[in-house]
Amino acid sequence: MNHYRKYITKLALLASLITPTLLNAQVRPDINSFTSAERTTLVNAMMDYITPEIVQYHCDYVNRTGDSLLDPEFNSEVQRLLEES
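Since the structure is predicted, the reported quantities are computational estimates derived from the model, not experimental observations.

Chemist: Where do I start with the overall build of the chain in this structure?
Modeler: What the chain contains, in helices and strands, is 5 helices and 0 strands. The helix and strand sequence of the chain, counted from the amino end, reads α-α-α-α-α. Per-residue burial over the chain gives 7% buried out of 85 residues. Here the chain has roughly 7,800 Å² of accessible surface; of this, 61% comes from carbon and sulfur atoms.

Chemist: Help me understand the environment of R64, please; the structure alone is not making it clear to me.
Modeler: Along the chain, the position of R64 falls in helix 4 (residues 61-65). What makes R64 partly exposed here is its relative accessible area of 43%. If we skip the residues at most four places from it in the chain, R64 touches Y57 and H58.

Chemist: Which parts of the structure should I look at to understand a nonpolar patch on the surface?
Modeler: Residues Y7, L11, L13, L14, L17 and I18 make up a contiguous nonpolar surface patch of roughly 600 Å² in combined accessible area. You can call L11 exposed: its relative accessible area is 56%.

Rules used in this analysis
Think of each chain on its own: its residues are numbered from 1, step by step along the sequence as written. Residue-level local features of this predicted model are given only where pLDDT is at least 70; pairs of side-chain atoms are given and counted only at 80 or more, and the full residue set underlies all totals for whole chains, interfaces and linings. Hydrogen atoms and water are omitted, and side-chain values are computed over all heavy atoms in the structure. Runs of E in the DSSP output that reach at least two residues are strands. Runs of H or I that reach at least four are helices, and both are numbered from the N terminus. Burial classification: accessible surface area is computed with a 1.4 Å probe over protein chains only, and a residue below 20% of its type maximum counts as buried, one above 50% as exposed, and the rest as partly exposed. Here the Shrake-Rupley method, with its probe set to 1.4 Å, supplies the accessible areas, and only the displayed protein chains count as covering residues. In this analysis, two residues are considered to be in contact whenever any of their non-hydrogen atoms come within 4.5 Å of each other. Patch building starts from residues that exceed 30% relative accessible area and form no salt bridge, then joins like charges within 9 Å and nonpolar side chains (Val, Leu, Ile, Met, Phe, Trp, Tyr) within 5 Å. Here a salt bridge means any side-chain nitrogen of Lys or Arg lying within 4 Å of a carboxyl oxygen belonging to Asp or Glu.

So this is what it looks like as structure tokens:
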């Protein structure tokens, strides 16, 4: 029994550190359960945020990673669409 006593304190400390984090963890809402108005609000917020520069930043994987083996056709298509906008 004495063998387990030295671990009980450590386990209690670990549990006391983890529990508040788990209880306050942010959980994303299920967007499939949104009402029509909530979906519209979400889309409008996304359209306000997502600019051609944001798309370029997220889609230009070759420049971001330095890996020339990634799909150059995809990147050139993204570039073409950005130039049209």
